[in-house]
Amino acid sequence: MEADLQSQVAFYLTGNRTGDCLEAVDGLGLRPALLSGYRDLTTLRYGFPLVLAEGGADAAFAEPLSGLVDGILAQVAQGDEGERIRRHVHKLEREIRALVAAGKGGRLSALWDKAAAALASKDKSVADSLARARAVLKADGELIDCDQSMPSRLLTHGWTALQGKKAKKFGDQVTRMALRLSDILKADVANSAAGRSAETLKAGVGSAHADAFDFDAMARILKKSAPKTTLSDMRQKRVRRLLSVLQSQRFFPVAGGTAKRGEAPYSFAFESCSDALKAYRERLPRAIELAKAIAMAELEAKGEYNDQRHDPIFESFGENGMSPRDMAMFPDYLVCAKAEDVRAGESDSLMEILTAGLPMNVLVQTDDIMEASPLGNGQLAVGVRSKQLCSVAMGLGGVFVLQSSSSSLVPLRDSLRSALAYPGPTLFSVFSGTKAAAGGIPPYLIAAAATESRAFPAFTYDPSAGHDWASRFCVMTNPQPELDWPVQEFAFENEDHQRVEERVAFTLIDFVACDPRFGKHFAKVPRERWNGSMIPALESLAQDAEGMPDKVPSLLMIDRDQRLQRVVVDEALVREARRCREMWHSLQELGGIHNSHAEKLLARERKAWEEQAQQEAEARAKAPAPAAEIPAAEAPAAAPQAAAPAEAAPAAPAAAAAPAAAEPEPEKSSDDAYIETPRCSTCNECITLNNKMFAYDSNQQAYIADVNAGTYAQLVEAAENCQVSVIHPGKPRNPDEPGLEELLKRAEPFL
């Protein structure tokens, strides 16, 4: 035992294995124990694949396949045949998910028909179920998986939809103004001597009725009634010039435009910040010219243009650039760049875009957040560059910043839409997880693990949401955001074939353990050498790192055969995990969680209240007792509440302390449906299924809002779909609900 502990301590301090009690983890295919249930993602219902839905900017531009299927089942899976239809459609969903995971992408309608044909060929009941579901399938679009290209494809799809809406609005405006300017010129010609000549009048009538009119006589009559004034040469030239600018612009495709041959509309999608910045500078003079032409055309169309008043104004138009209002009419730029390219020489261009407030949406995609620290000595630096970039951007005040792993983009799609619509610079910092996925764990799981472990937390900073950090900054989409590390239940079978349950935290150490490139920070301990000096990593992280340790941090992992293993961790990784936790604490404070200023204020107010209460109690004790006073021992317990009104002022601190003295909640009955709300991962499955039965609390974690707002079948389905198994359907409330016998069997694992 002593020799084993010395060997483990030596590994913890140095990262070197000594003796025969520690083994290398290379080639063992180990992964954190909490990932044991995620070997094959195609058998699970989660946020991917994603449908890039068609329908314009006002529709949801992306929907999970599982969400669309739930919507279809809500319409067709009714009555006695409901369970049969539900089972068959879920099987179809798994087949589509498997096709996409195998790289066989395409449109939802095509993949649906392909998978349905294979399933329905041998079973008429399956064919009937899938035909009913297909009849109500309205949405369509490309299906994409959580891979390296997904972030840029998702953002490009959403950006294209919004730019299409802006292009339509711009096209309608330009077409309307061009028509009115053309009418001004036509009216001037019609009122001129040439426009009222016999030849012009004859050409206007046409040859069919030419003999029925005396055009010379008509011209003489019209000449007498002609307006005394027509357009001045200056105004005529101005109107023609404005019309030419409107019709030759290249910022949006407009019907009837007369852009020069070979001059296609500008493209606004780029792969580098420097290229986007160069294009912006080159196009700026033409953008100013177009904005100026639109402003002048509006005045001309209303007949309000005054040469003496407006000429001086428009001569200097655009000398100081364009106003936000003028810039808002033009397309936004989209830049999809790789983090390594930004570090290699694009950072100056990116900073210029952000600091200048240019209307550009910039995606900086990071495929690998694991790198060696600049300090060397085997130190790690996890996601440092991404954190620095986002911190600088938020410090500018006017940049919309959204950071997320690719796995979390689906629940954040409303924030994505807001960011794309923001009238200023937007920075999307996204971790794809594809680099570490080379170890055999899918990119989706790597990305989700990065968010879960606080290595790459999700947050948004929206300058348009308000004037303070409480309004602008949000971290509530992270799992269990009030904790240092999310904690989940982990169940396994021990050597005595007994079920054992433990609450296991998912820390940065677990995230690093997903990547075989960093196996040197771990050493496997054979089962016969497990001992009490091996403590969970969470417990080690909570201890002070001083002196010679007598215990070493360890991690539960599983191998390829789903057998539980235990590894010890070196000090370098523990130090990095502590640093990651401190950075998470900073984000929590910015997001209003465990805010030190608020906690100090609360403590100060509580102390003042306690001192005041003590002084008043002492004053009452010293006061002479009335002749008929009831002895203290017999006085009612509620008597102190009748104190002077001043005592009511500090009631808030007292109320804040009250929950600590509250009795613990009684255990939930297995007959009642309930959700373990603190463990909810905000996957959105239950909300999508029935948003009246299920709802989110202020922490974006689910609870049962109204158990009578849905069916027992929906409770059971929600429990089956829940990614962390926190939904417990209880017993049926309606004994007459169809299919209860089958539903009760399905509900047994969750009671």
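Residues numbered from 1 in each chain as written. Predicted model: local features only at pLDDT ≥ 70, side-chain atom pairs only at ≥ 80, totals over all residues. Heavy atoms only, no water.

Caption draft 1: Just the overall build of the protein chain, in detail. Of the regular secondary structure elements, the protein chain holds 25 helices and 24 strands. Counting over 751 residues, the protein chain shows a buried share of 46%. Taking the intrachain contacts of the protein chain between residues at least 6 apart in sequence as the baseline, contacts between residues at least 24 apart amount to 70%. For the protein chain, the accessible area works out to roughly 38300 Å², and carbon and sulfur atoms hold 52% of it. (Helix = DSSP H or I, 4+ residues; strand = E, 2+ residues; numbered from the N terminus. Buried < 20%, exposed > 50% of the residue type's maximum accessible area, 1.4 Å probe, protein only. Contact = heavy atoms within 4.5 Å. Areas by Shrake-Rupley, 256 points an atom, 1.4 Å probe, with all protein chains shown as cover.)

Caption draft 2: Up close: the confidence of the model for the protein chain. On average, residues of the protein chain score 86 in pLDDT, and 85% of them are at 70 or above. Low confidence marks residues 629-665, where pLDDT is under 50. Its contacts with residues over four positions away, or in another chain, come to 16 contacts. (pLDDT = per-residue confidence, 0-100.)

Caption draft 3: The arrangement of the pattern of salt bridges in detail. Scanning the entire structure with this criterion turns up 38 salt bridges. Between Arg132 and Glu81 there is a salt bridge, with the nearest N and O atoms lying 3.0 Å from each other. Here Glu81 lies in the loop between helix H2 (65-76) and helix H3 (82-101) and Arg132 lies in helix H5 (residues 124-135), a separation of 51 residues in the sequence. Three or more residues joined by partner-sharing salt bridges are found here, namely Glu83, Arg86, Glu717, Glu720 and Arg746. (Salt bridge = Lys/Arg side-chain N within 4 Å of Asp/Glu carboxyl O.)

Caption draft 4: Structural view of the packing of aromatic side chains. All told, the structure shown has 20 aromatic pairs when counted by the stated rule. Between the aromatic rings of Tyr461 and Trp469, the centroid separation amounts to 5.0 Å while the plane-to-plane angle is 45°, which identifies the pairing as tilted. For Trp469, a relative accessible area of 36% translates into the label partly exposed. Positioned above the aromatic ring of Phe268 is the side chain of Arg283, whose terminal nitrogen or guanidinium carbon lies 5.0 Å from the ring centre. (Phe/Tyr/Trp six-rings, centres within 6.5 Å; stacked < 30°, edge-to-face > 60°. Lys NZ or Arg CZ within 6 Å of the ring centre and 35° of its normal.)

Caption draft 5: Looking closely at H3. In this model H3 runs 28 Å from its N-terminal to its C-terminal C-alpha over 20 residues, within 8% of the 28 Å that 1.5 Å per residue would give. With 14 of 20 residues buried, H3 lies mostly within the body of the structure. Where H3 ends, the next residue or the one after it, Gly103, has phi of about 90°, a positive value. (Expected span 1.5 Å × (residues − 1).)

Caption draft 6: Structural view of the environment of Arg575. Looking at the secondary structure, you find Arg575 in helix H20 (residues 571-590). The spatial distance from the C-alpha of Arg575 to the C-alpha of Leu541 is 8.5 Å, given a sequence separation of 34 residues.

Caption draft 7: Examining the packing of helix H24 (residues 712-721) against helix H25 (residues 740-747) more closely. One can describe the packing of H24 onto H25 by two numbers: an axis separation of 10 Å at closest approach and a directional angle of 25°. The angle between H24 and H25 falls in the class roughly parallel. Crossing geometry of H24 relative to H25 is assigned as left-handed. Between H24 and H25, the residues in contact are Tyr712, Ala713, Val716, Glu717 and Glu720 and Leu740, Leu743, Leu744, Arg746 and Ala747, respectively. Residues that form the contact of H24 with H25 fall into these classes: seven nonpolar, no polar and three charged. (Axes fitted to C-alpha atoms, helices over the stretch in contact; angles between N-to-C directions. Parallel < 35°, antiparallel > 145°, perpendicular 65-115°, else oblique. Left-handed = near helix turned anticlockwise from the far one by under 90°. Nonpolar A, V, L, I, M, F, W, Y, C, P; charged D, E, K, R; others polar.)

Caption draft 8: Local environment of the packing of helix H10 (residues 273-302) against helix H13 (residues 339-355). H13 packs onto H10 with a crossing angle of 45° between their chain directions and a minimal axis gap of 8 Å. One element, H10, and the other, H13, form an angle in the oblique class. When you trace H10 past H13, the crossing you get is left-handed. In contact with Cys273, Ser274, Leu277 and Arg281 of H10, H13 contributes Glu346, Ser349, Leu350, Glu352 and Ile353.

Caption draft 9: Geometry of unusual backbone geometry. A cis amide bond links Phe48 to the next residue, Pro49, at an omega of 0°. Tracing the sequence through the fold places Pro49 in the loop between strand E1 (31-32) and strand E2 (50-53). One non-glycine residue, Arg454, lies in the positive phi region at around 70°. Position of Arg454 among the secondary structure elements: in the loop between helix H16 (443-452) and strand E13 (459-461). Residue Arg454 is classed as buried on the basis of its relative accessible area of 1%.

Caption draft 10: Layout of the nonpolar core. Counting 153 residues, the largest nonpolar core has Leu154, Phe428, Leu508, Ile509, Phe511 and Phe522 as the members making the most contacts within it. For this core, the leading source of residues is H10, giving 14 residues. When neighbours within four sequence positions are excluded, Phe511 is seen to be in contact with Ile369, Met370, Val382, Phe431, Ile446, Ala449, Ala450, Ser453, Ala455 and Phe506. By size, the runner-up hydrophobic cluster in this structure holds 25 residues, among which are Val51, Leu65, Leu92 and Ala133. (Core = buried A, V, L, I, M, F, W, Y, C linked by side-chain atoms within 4.5 Å.)

Caption draft 11: Focus on the sheet that holds strand E6 (residues 269-270). Spatially, seven strands are ordered E6-E7-E8-E12-E11-E13-E14 in an open sheet, and the strand pairing comes out mixed. The sheet is open, and its two borders are formed by E6 and strand E14 (473-474), each paired with just one other strand. As paired strands, E6 and strand E7 (residues 333-338) are joined by two bridges and run parallel to one another. Of the residues in E7, the one forming a bridge with Phe270 is Val335. This element, H10, spans E6, E7 and strand E8 (360-366) of the sheet and lies at about 155° to E7. (Pairing = 2+ DSSP bridges.)

Caption draft 12: Representation of the environment of Ile441 within the structure. Assignment of secondary structure puts Ile441 in the loop between strand E12 (426-431) and H16. Sequence separation between Ile441 and Arg39 is 402 residues, and the spatial gap between their C-alpha atoms is 8.1 Å. Residues contacting Ile441, with those up to four places away along its chain left out, are Arg31, Leu35, Ile446 and Cys514.

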